[in-house]
Amino acid sequence: MLNTLVSRFSAPGWAVALLWLTLLGVAPGCNSSSPEPTAVAPPTAPPPVAPPAPVLVGSSLIGEYTPAELAARVSNIPLVGSLARYSVRVYRLTYTTQNTDGRPVTASGAVLVPVAPAAVPVISYQHGTLQPDEETRAPSYYSSRSEIWSAVSVLAATGHVVSAPDYIGYGASKALPHPYEHGASLASASADMLRATREFCAQQKIGVNQKNFLLGYSEGGYATMALHQLLEEKYADTLPVTASAPGAGAYHKSAFARYIMNSTEPLNFLSTYVWVLRTYDRVYQLNRPLGYYYQQPYATRLQTDPFSAVPQQAAELFAPAFRQAVLTSSDPALSATLTANDVYDWQPRAPLALFHGTADDYVPFFNSEDAYNAMRARGATKVELRPIPGGTHFTAAPTYTLQAYAFISQF
């Protein structure tokens, strides 16, 4: 689904310096008739902040690949192979993260490490949609059909450690359902993988600097946006974002739902939107019968096979009452699940470029446009909108790769 999209590059990190100034009072002269002042206790040092608990569980080497081997994987893309400078070692990591119910779970991912002479930046790369039968395309398998096999591996060979989470539902956690397009768990699984990657690098004495870059397209673009927000809110000091370049993500979930329910045109992504609704119904414990969402015979068919074929017309697939509830926000619990997954309206501090094809027929362009407008309205000065003219969801992917590389390489 969106494989062969890759690109990411690093940017300068931040250094923070703190200076404490202590003002001490002067005792009055012994002949003073003023009342004796109360002694001022010297300021107490704040209690030491305990470091966060380690998340890394284990690691295993998958293989080491030379620049020539990596260049051969992108021979169909002019000049890209010539960027590979270093051999790359690929590892499978397991680490602890939280599932959607807050319980700890062991997850996995791949780490690509260039054999470089100096400390290098880290890129967190979030992959696109994988159907359940595409399990082996998750990063930790490092299969030739995965997104990280070709261009991402060349990116690592330019001098970047790449942290690529599988997400919950793939790899070590494949027994669990993947929380498709659930912002909070995509972000936390990616953040904890990034933490595990840096723990692994420290353990193996792999030189990394403080730069963290975030990249991903489609579901990976949505995950990248959610990750950027989480890192700035929770890990600003320990995992500062240097720059991010999300591509073609469905950031404005509530507007996207209204767009679907209003549409009279064929929509070729409704089977994946069924997955979104199933995830939100489960995660937020709405527990609605499928007949609430879908008309017959599709409600029965989806009960038997959640990934069965569905029509491309929204009016044919969705129950009229459900469509009306979305359009009028008359079901507060349902509306809350959509707004809880909106990641378009916040103020990023690190540079952020939104890449999106203007003719995207899978994730409409307005998702990036709405994010740009909302962020600018909140005072974000380092956000850019980078339209890809005429690009659809799939034809824009190679352009995203090249332009995101150019954007991030300037930092």
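Above this text sits the structure in question.
An account of the accompanying structure is given in this report. This one's a predicted model, so the numbers in the text were calculated from it and none came from an experiment. (Residues numbered from 1 in each chain as written. Predicted model: local features only at pLDDT ≥ 70, side-chain atom pairs only at ≥ 80, totals over all residues. Heavy atoms only, no water.)

## Some remarks on the overall build of the protein chain
In terms of helices and strands, the protein chain carries 13 helices and 9 strands. Looking at the 411 residues of the protein chain, the share that counts as buried comes to 54%. Taking contacts inside the protein chain between residues at least 6 apart in sequence as the whole, the part at least 24 apart equals 78%. Taken as a whole, the protein chain presents about 18,400 Å² of accessible surface, with 57% of it coming from carbon and sulfur. (Helix = DSSP H or I, 4+ residues; strand = E, 2+ residues; numbered from the N terminus. Buried < 20%, exposed > 50% of the residue type's maximum accessible area, 1.4 Å probe, protein only. Contact = heavy atoms within 4.5 Å. Areas by Shrake-Rupley, 256 points an atom, 1.4 Å probe, with all protein chains shown as cover.)

## Observations regarding the sheet that holds strand S3 (residues 104-114)
Judged by pairing direction, the sheet is mixed, and its 9 strands sit side by side in the order S1-S2-S3-S5-S4-S6-S7-S8-S9 without closing on themselves. Single-partner strands in this sheet number two, and they are strand S1 (56-65) and strand S9 (383-388). If you compare each strand with its neighbour and ignore which way they point, the axes differ by 20° on average. By the bridge criterion, 4 bridges tie S3 to strand S5 (residues 161-165) in an arrangement that is antiparallel. Residue Ala-110 lies in a different strand from S5, and its bridge partner there is Ala-164. Docked against the sheet, helix H4 (residues 219-234) engages strand S4 (120-126), strand S6 (208-217), strand S7 (243-247) and strand S8 (352-357), running at close to 140° with respect to S6. (Pairing = 2+ DSSP bridges. Axes fitted to C-alpha atoms, helices over the stretch in contact; angles between N-to-C directions.)

## Section: the packing of aromatic side chains
Per the stated rule, a full pass over the model turns up 24 aromatic pairs. Ring pairing ties together the aromatic residues Phe-256, Tyr-259, Phe-269, Tyr-273, Tyr-362, Phe-366 and Phe-394, which thus form one cluster. The side chain of Lys-253 reaches across the aromatic face of Tyr-222, ending 3.6 Å from its centre. One residue, Arg-288, lies across the ring of Tyr-292, its end atom 4.9 Å from the ring centre. (Phe/Tyr/Trp six-rings, centres within 6.5 Å; stacked < 30°, edge-to-face > 60°. Lys NZ or Arg CZ within 6 Å of the ring centre and 35° of its normal.)

Interpretation note: all reported values are geometric properties and have no functional meaning in isolation.
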